[in-house]
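A structural walkthrough
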Amino acid sequence: MKHAFENIVVGGGHAGVEAALVSARMDINTLLITMEKTAIARMSCNPAIGGLAKGHLVAEIDALGGEMAKVIDITGIQFKMLNRSKGRAVWSPRAQADKNQYSLEIQKRVMNQDNLSVIEDIATKIVVENSRIVAVETINHGSIPCKTAIITAGTFLNGLIHIGMDQFSGGRLDEKSAVGLTESLNKIGIKSGRLKTGTPPRIKADTIDYTKVLPQYGDKDPIPFSFQTERFSPKNIPCYITHTTKTTHEILYRGLDRSPLYSGKIRGVGPRYCPSIEDKIVRFGDRNSHQIFLEPEWENANQVYVNGFSTSLPLDIQLRGLRSIPGLENAEIIKPGYAIEYDYFPSYQLKRTLETKLIGGLFLAGQVNGTSGYEEAAALGLVAGINAALNIREEKPFFLDRSEAYIGVLIDDLITKSPNEPYRMFTSSAEYRLLLRFDNADMRLSHKGHLLGLINDHYFKTANTKRATIKAAINFLESTTVCPADINPILQNQNESTIHSGVLLQKILCRPGFHISALLSFFPADLLSRIRQYKGLDDQIEIDVKYKGYIHRQIKQIDRFKRQESLRIPGSLDYSNIKSITKEAREKLHKFRPETIGQASRIPGVSPSDITSLMILLKR
Amino acid sequence: MGVENKSTIVALSTPGGFGGIAVVRLSGDKSFEIIQNLFKSKQQLRHRLAIFGRLYDKNGYIDTAIVTYFKAPNSYTGENLVEISLHGSPFLCDLIITACKQEGARGAAPGEFTQRAFLNGKMDLSQAEGVADIIYSASRSAQTASAGLLEGKFGEIISNIKSAVVDIVSVLELELDFQEEEIQITPKDEIIKQINAVSAKIEALINSYDYGKICREGVVCPIIGPPNSGKSSLFNAFLKEERVIVSPSPGTTRDFIEESIRVGDYQFRLIDTAGIRDTDDSIESAGVSKSKDLLNKGNIILYVIDISELKANVLQLSDEISEKVIYILNKSDLAKPHLISKVKKQFAGQQHYFCSAKYLTGIHEITSGMVKKIERLRQESESVFITRLRHKEALDMARKSLMKSVDSATADNPSEIIVIDLREALDRLGAILGKTTNEDILNNIFSHFCIGK
Ligand SMILES: Cc1cc2nc3c(=O)[nH]c(=O)nc-3n(C[C@H](O)[C@H](O)[C@H](O)COP(=O)(O)OP(=O)(O)OC[C@H]3O[C@@H](n4cnc5c(N)ncnc54)[C@H](O)[C@@H]3O)c2cc1C
Ligand SMILES: Nc1nc2c(ncn2[C@@H]2O[C@H](COP(=O)(O)OP(=O)(O)O)[C@@H](O)[C@H]2O)c(=O)[nH]1
Ligand SMILES: [Mg+2]
């Protein structure tokens, strides 16, 4: 056999493990090359999975057969549904992770996976023949032939760590950086850039004065991430809330002259939604206090993550700053906060399959695509893994569009916007937010996972059953009239105005603030038991009925969107001769080479009138 | 693959009719070749140079002319372009256009020059629209408005409105995308107040459309009144006393006679309701729908009354319409002074003029009164007014979406629902000014709020 390994995954981070597992499960002989086996699926930053919009990604990963949701359900130590006070569409789960257990559990799955081998090494070079990848070169294992490779090197490529005025190379604190790969990619024509991110100090748990901080627990009635998780009764270990003070700000302010950020040492662009504490006090000087969350890094941990205090100020300033925070007067630092600069590959160079446009069989996923966050990385890894497998099997590529999944939004934003600051998922980025909910991820996507052979029949059928039940319940509500005698007592009970003649149940449910639970008694017994078979199904029925008008509008918009998406632009189109579009648009289109009119329309700098011209031309 | 213009087009590019100078334009690959065959001059045609010479067709000499040649891509359309200036006679223009066609050009479709300019990257869509407005503008005021559009004054107002909506959306998105602990929640009432404020601004802009339309298409002035009050006589008096223009815009309806006059900055489209009388007796009972339509469409309604027949009931008009009325008290030549002062009292508080359509007295007073009335309308609208129906419709829809979001907020819908209508409003505004992207909203959030743990 020419190829002992068909697909090589470089890097065992959150992107790498999803990519490697999925490709192996799709019967591709897969090799994972990573620098340290014990660092596989390590959480570089905060000990948590999920969060607003990120929780959606995790559920989607789950519905497509990924690992993240299942593993956090097992290893989480506190679960909370965020945005409960808002509409259902923006509810999103978050969990504190036992970060040691999390990576151990993933490692176990990686090691036990058929078709998947793991070696400890550093990939240094990509070998290309005829614009197609043919091998990956490593330091200790030489050149390893392959048909496809997925680079998921995270923050390790030429990683440079900053603490105050000190700087040293590293991929994370106490881990080596990876040199060579960026240069090798550059040489074959792939452009790279520089980004930055940061992390707060970790402190000793037993140096915290717990009388001065406020415990914060998770939900009493927690909801799992994975729709495949049954019997869910996780731990509920608290975090603690405290806050910075004016004194803290003064201390930090005085350390700014030794800040690598403010002294110009750091050139990489950092995430604005994840500012360092020094950034917050400089940019929002009018605030006297910022919240701090103390998060245990594992069960019974003596190591606590100081969320909200990401910093690259010198160690002495970090310590003095921390000690000015109520409850942390005697805090001791285990690991300092730091900033890290690393290489990434601007994402306009990718197709929606995450294959590079330039080199066949070469895929990029995770932080190297310019994203940040475990969930974003895992989602990208999964999609790249699936497509590498399909590429080897010479099957049609797999992609999700913006109307199908947050993952679709994520990838489309990457390839049409090519952000030059670390990209994070937001619910506001999803225009069809109402339809892309956490609670319906399985119903949206598991048929796709099933088709790829990544979701078993049982869960595929479960999703179908749920969908059918919801439909039946909606039909019932829309066709059943209640008489005043039956409903008025319930209405009175809720201080609602009563009715005088028969009214459709659906009308009652549409009243603002009215909840479906009060109507369940009207359902026939068998339908009711079907609804109760799955937790939260009643809420989903309610949303579908209450916001039917809005949902309908989004569905209509999706039709229009799909039409634009289906207008393909020939890859050979020479934009330089199209005079009817602006120079800027011409340059952007040439750079991004959109695959469809839809994609073209989302590239910044390409205006609707440019799109009109383009469409006129394509129609000719 | 650029824009290939196989055809060369020709058209008269100044308003038709008799005038000082008419300009005929030729654009396309063959335009230079065509003009070479039709134009004889001492000097060679050269890029951007105006050359004096004579035009000939197969049958001989047509006219003297000044021809300017613009070489692609440095021309208005981006193609080879020829401008022929000749004496403003429809007959001569026809001859030269026919000659061009015989040489291989074809007649241009309306707006085709601008369209080609657009396709060849000479202007963007909104500029193209502005140019179309200049070409079709009926008066100088509209030209200023068109220029405003080109310079982006109108764009500035819309983008102010847009950024106000972006601010509101940002506040709501902030609550959805960041955890409660990190941010402050804005009360719904405050959100509603802000939305209402924006939609009031949009409404003012929408109202300016009426004035904008007047500038583009002329002031529609139906002349109404009882039979024999002198409507047709007044109509003719205007044509005798004022500068008549051959209107490029078609008549309002075939049931009426229409002529245009120009007074100051404005074009007035006088409409004699003659046609009605033949079927019915007066406008009160007549062809109700047609005349009602005319009353609604009219910008100024000239209500003619024979002062010697004052007993005849004055028509009861709705408030909206009576605001537009100017009373013309006709046949003053027949009236005794005491009658005049009596009538004056009766019409105090309403805009009115005495005149004699027969002896042409008081006509200028009426026309300057008409100008005054239009000027007042202008003051009521924004300094920049909208002239395009497309813009008005976009604003209309944006306002409707905003109103829906207010309803939605009032019904206590969750923020992600309220935002749907607000974003739709942004999309509508985007139809005028370009899209608002998620990045715009996130940028706005990051620059205004301290978020992120
Ligand atoms: C200091 C710091 C702060 C962060 N802060 C945040 C934050 O505030 N918010 C947030 O959302 N995210 C943050 N992150 C990012 C988060 O950790 C990443 O988004 C996520 O881990 C990316 O996953 P990944 O799989 O792409 O890469 P990583 O998790 O970085 O994994 C990369 C893996 O690849 C291996 N590797 C790299 N190069 C090679 C090579 N050449 N050969 C073999 N193996 C290689 C490494 O050993 C490592 O195991 C931070 C990361 C760091 C380091
Ligand atoms: N003396 C006098 N007669 C007028 C005047 N205006 C119109 N007339 C006459 O009134 C009659 C009706 O006029 P006409 O314009 O046809 O009225 P219409 O039915 O309102 O259109 C004609 O005989 C006109 O000559 C005027 O100002 N003075
Ligand atoms: Mg008449």
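What comes next is a walk through the structure.

Quick notes on the rules
- Residues numbered from 1 in each chain as written.
- Chains lettered and ligands numbered in written order.
- Predicted model: local features only at pLDDT ≥ 70, side-chain atom pairs only at ≥ 80, totals over all residues.
- Heavy atoms only, no water.
- Helix = DSSP H or I, 4+ residues; strand = E, 2+ residues; numbered from the N terminus.
- Buried < 20%, exposed > 50% of the residue type's maximum accessible area, 1.4 Å probe, protein only.
- Contact = heavy atoms within 4.5 Å.
- Areas by Shrake-Rupley, 256 points an atom, 1.4 Å probe, with all protein chains shown as cover.
- Lys, Arg positive; Asp, Glu negative; His and termini not counted.
- Charge placed at Lys NZ, Arg CZ, Asp CG, Glu CD.
- Salt bridge = Lys/Arg side-chain N within 4 Å of Asp/Glu carboxyl O.
- Expected span 1.5 Å × (residues − 1).
- Arc of directions from axis to C-beta.
- Core = buried A, V, L, I, M, F, W, Y, C linked by side-chain atoms within 4.5 Å.
- Polar contact = N/O pair within 3.5 Å; in protein donor to acceptor, adjacent residues only side chain to side chain.
- Pairing = 2+ DSSP bridges.
- Axes fitted to C-alpha atoms, helices over the stretch in contact; angles between N-to-C directions.
- Near = heavy atom within 4 Å.
- Nonpolar A, V, L, I, M, F, W, Y, C, P; charged D, E, K, R; others polar.
- Phe/Tyr/Trp six-rings, centres within 6.5 Å; stacked < 30°, edge-to-face > 60°.
- Parallel < 35°, antiparallel > 145°, perpendicular 65-115°, else oblique.
- Left-handed = near helix turned anticlockwise from the far one by under 90°.

**As for the overall build of chain A**
Check the secondary structure of chain A and you find 20 helices and 23 strands. Split into buried and exposed, the 620 residues of chain A put 63% on the buried side. Looking at chain A alone, contacts between residues at least 24 apart form 72% of all its contacts between residues at least 6 apart. Approximately 23,800 Å² of chain A is accessible, and the part contributed by carbon and sulfur atoms is 51%. Side-chain charges in chain A split into 79 positive and 66 negative, and the spacing between the mean points of these groups amounts to 5 Å.

**Topic: the overall build of chain B**
For chain B, the helix and strand inventory stands at 16 helices and 14 strands. For chain B, with 453 residues in total, the buried portion stands at 51%. In chain B, 64% of the contacts between residues at least 6 apart in sequence involve partners at least 24 apart. Accessible surface, chain B as shown: approximately 21,400 Å² in total, 51% of it carbon and sulfur.

**Focus: the side chain of B:Glu175**
Position of B:Glu175 among the secondary structure elements: in helix α6 (residues 153–177). Notably, B:Glu175 is buried but unbridged: the nearest opposite-charge side chain belongs to A:Lys86, and the N-O separation is 5.5 Å. Setting aside chain neighbours within four positions, we find B:Glu175 in contact with A:Asn83, A:Lys86, B:Ile183, B:Ile185, B:Thr186 and B:Ser415.

**Observations concerning the pattern of salt bridges**
All names here are of chain A. On inspection of all chains with the given rule, the structure shows 55 salt bridges over all chains. For Glu 175, the salt bridge is made with Arg 172, and the minimal N-O distance between the two is 2.8 Å. For Glu 175, a relative accessible area of 10% gives the class buried. On the accessibility criterion, Arg 172 (10% relative accessible area) is buried. Where Glu 587 meets Lys 583, a salt bridge forms, and the shortest distance between an N and an O atom there is 3.5 Å. With Glu 587 and Lys 583 both in helix α18 (residues 583–592) and four residues apart, the pair spans about one turn of that helix. For Glu 587, a relative accessible area of 48% translates into the label partly exposed. One salt-bridge network, in which partners are shared between bridges, spans Arg 402, Asp 412, Asp 413, Lys 417, Glu 431, Glu 565 and Arg 602.

**Some details on helix α17 (residues 548–566) of chain A**
Residues and elements named next belong to chain A. Under the 1.5 Å per step criterion, the end-to-end length of α17 is 27 Å for 19 residues, consistent within 8% with the ideal 27 Å. Among all positions in α17, only Tyr 550, Ile 551, Gln 554, Ile 558, Phe 561 and Glu 565 are buried. Here the buried residues of α17 occupy an arc of 90° about the axis, which is enough to place them on one side. For α17, the exposed residues set more than 90 degrees away from the buried face come down to Lys 556, Arg 560 and Arg 563.

**Describing the nonpolar core**
Residues and elements named next belong to chain A. Ranked by size, the top nonpolar core spans 99 residues in total, and within it Ile 8, Ile 49, Tyr 102, Val 136, Ile 386 and Ile 407 carry the most contacts. Looking at this core element by element, the count peaks at 12 residues for helix α9 (residues 374–392). Residues in contact with Tyr 102, not counting those within four places in the same chain, are His 14, Ala 41, Met 43, Ile 49, Met 68, Val 71, Ile 72 and Thr 75.

**Re the side chain of A:Asp412**
Residues and elements named next belong to chain A. On the secondary structure map, Asp 412 appears in helix α10 (residues 406–417). Relative accessible area serves as the criterion here: at 7%, Asp 412 is assigned to the buried category. Within polar-contact distance, the side chain of Asp 412 engages the side chain of Arg 602 at 2.4 Å. Residues contacting Asp 412, with those up to four places away along its chain left out, are Arg 402, Lys 417, Gln 599 and Arg 602.

**Considering the sheet that holds strand β19 (residues 333–335) of chain A**
Residues and elements named next belong to chain A. Here six strands make up an open sheet; going across it, the order is β15-β16-β17-β18-β14-β19 and the pairing antiparallel. Of all strands in the sheet, those with a lone pairing partner are β15 (214–216) and β19, marking the two edges. Sheet twist, expressed as the average angle between the axes of neighbouring strands with direction ignored, equals 35°. Taken together, the three bridges between β15 and strand β16 (residues 239–243) define a ladder with antiparallel strand orientation. By the bridge assignment, Pro 215 is partnered in β16 with Tyr 240. Helix-sheet contacts for helix α8 (residues 315–323) involve β14 (202–204), β18 (303–307) and β19, and the interaxial angle to β19 is about 135°.

**Considering the environment of A:Met81**
Residue and element names in this part refer to chain A. Its location among the elements puts Met 81 in strand β4 (residues 76–82). Residue classification places Met 81 among the buried residues on the basis of a relative accessible area of 5%. The sequence separation of Met 81 and Ser 572 amounts to 491 residues, and the corresponding C-alpha distance is 48 Å.

**Some words on the environment of A:Ile61**
Residue and element names in this part refer to chain A. Tracing the backbone through its elements, the reader meets Ile 61 in helix α2 (residues 54–63). Spatially, the C-alpha atoms of Ile 61 and Asn 236 are 24 Å apart, while their sequence positions differ by 175 residues. With sequence-adjacent residues up to four places away left out, Ile 61 is seen in contact with Glu 18, Gly 66, Glu 67, Met 68, Glu 375, Ala 378, Ala 379, Leu 382 and Ile 407.

**Overview of unusual backbone geometry**
B:Pro73 follows B:Ala72 through a cis peptide bond whose omega is 5°. Within the secondary structure layout, B:Pro73 lies in the loop between β5 (60–70) and β6 (81–88). Here A:Asp174, not a glycine, exhibits a phi torsion of approximately 70°, which is positive. Within the secondary structure, A:Asp174 is located in the loop between β12 (166–169) and α5 (181–187). A residue is classified by how much of its surface remains accessible, and A:Asp174, at 65% relative accessible area, is exposed.

**Considering the site of ligand 1**
Residue and element names in this part refer to chain A. As a structural note, the neighbourhood of ligand 1 is formed by 35 residues, with His 14, Ala 15, Ser 44, Gln 367 and Gly 373 the closest of them. Between ligand 1 and Thr 197 there is a distance of 3.3 Å, counted from a nitrogen atom to a side-chain nitrogen or oxygen. Here an oxygen atom of ligand 1 and a side-chain polar atom of Gln 367 are 2.2 Å apart. Mapped by element, the contributors of at least two residues to the shell around ligand 1 are α1 (14–25), β2 (30–34), β13 (193–199), β20 (338–344) and α9. Considering each element in turn, the shell around ligand 1 owes the most residues, three residues, to β13. Along the lines of polarity and charge, the residues of the shell around ligand 1 split into 16 nonpolar, 16 polar and three charged.

**Observations regarding the packing of aromatic side chains**
A full pass over the atoms with the stated rule returns 13 aromatic pairs over all chains. Both rings, one in A:Tyr273 and one in A:Phe426, keep their centres 5.7 Å apart while their planes meet at 85°; by these two values the pair is edge-to-face. On the criterion of sequence distance, the pair formed by A:Tyr273 in the loop between α6 (246–254) and α7 (277–283) and A:Phe426 in the loop between α10 and α11 (441–451) is long-range, its members being 153 residues apart. Assessed through its relative accessible area of 3%, A:Phe426 is described here as buried. On the numbers, 5.5 Å between centres and 50° between planes, the contact of A:Phe426 with B:Phe178 is tilted. Placement of the pair is A:Phe426 in the loop between α10 and α11 and B:Phe178 in the loop between α6 and α7 (188–217), with the two residues belonging to separate chains. Comparing A:Phe426 with B:Phe178 shows no difference in burial state: the two are buried. The structure contains a cluster of three or more aromatic residues connected by ring pairs, namely A:Phe79, A:Phe225 and A:Phe232.

**Examining the sheet that holds β12(A)**
Residue and element names in this part refer to chain A. Pairing in this open sheet of four strands is antiparallel, and the strands run β12-β11-β20-β13 from one edge to the other. For this open sheet the edge positions go to β12 and β13, each flanked by a neighbour on one side alone. This sheet shows a mean twist of 25° between the axes of neighbouring strands, independent of strand direction. The sheet contact formed by strand β11 (residues 160–163) and β12 spans four bridges and is antiparallel. If you follow Leu 160 over to β12, its bridge partner there is Ser 169.

**Quick word on the packing of helix α3 (residues 68–75) of chain A against helix α4 (residues 99–111) of chain A**
All names here are of chain A. One can describe the packing of α3 onto α4 by two numbers: an axis separation of 9 Å at closest approach and a directional angle of 130°. Taken together, α3 and α4 sit at an angle that is classed as oblique. Two packed elements cross with a definite hand, and for α3 against α4 that hand is right-handed. In this structure, α3 contributes Met 68, Lys 70, Val 71, Ile 72, Ile 74 and Thr 75 to the contact, and α4 contributes Gln 101, Tyr 102, Glu 105, Ile 106 and Arg 109. Grouping the amino acids of the contact of α3 with α4 by side-chain chemistry returns six nonpolar, two polar and three charged.

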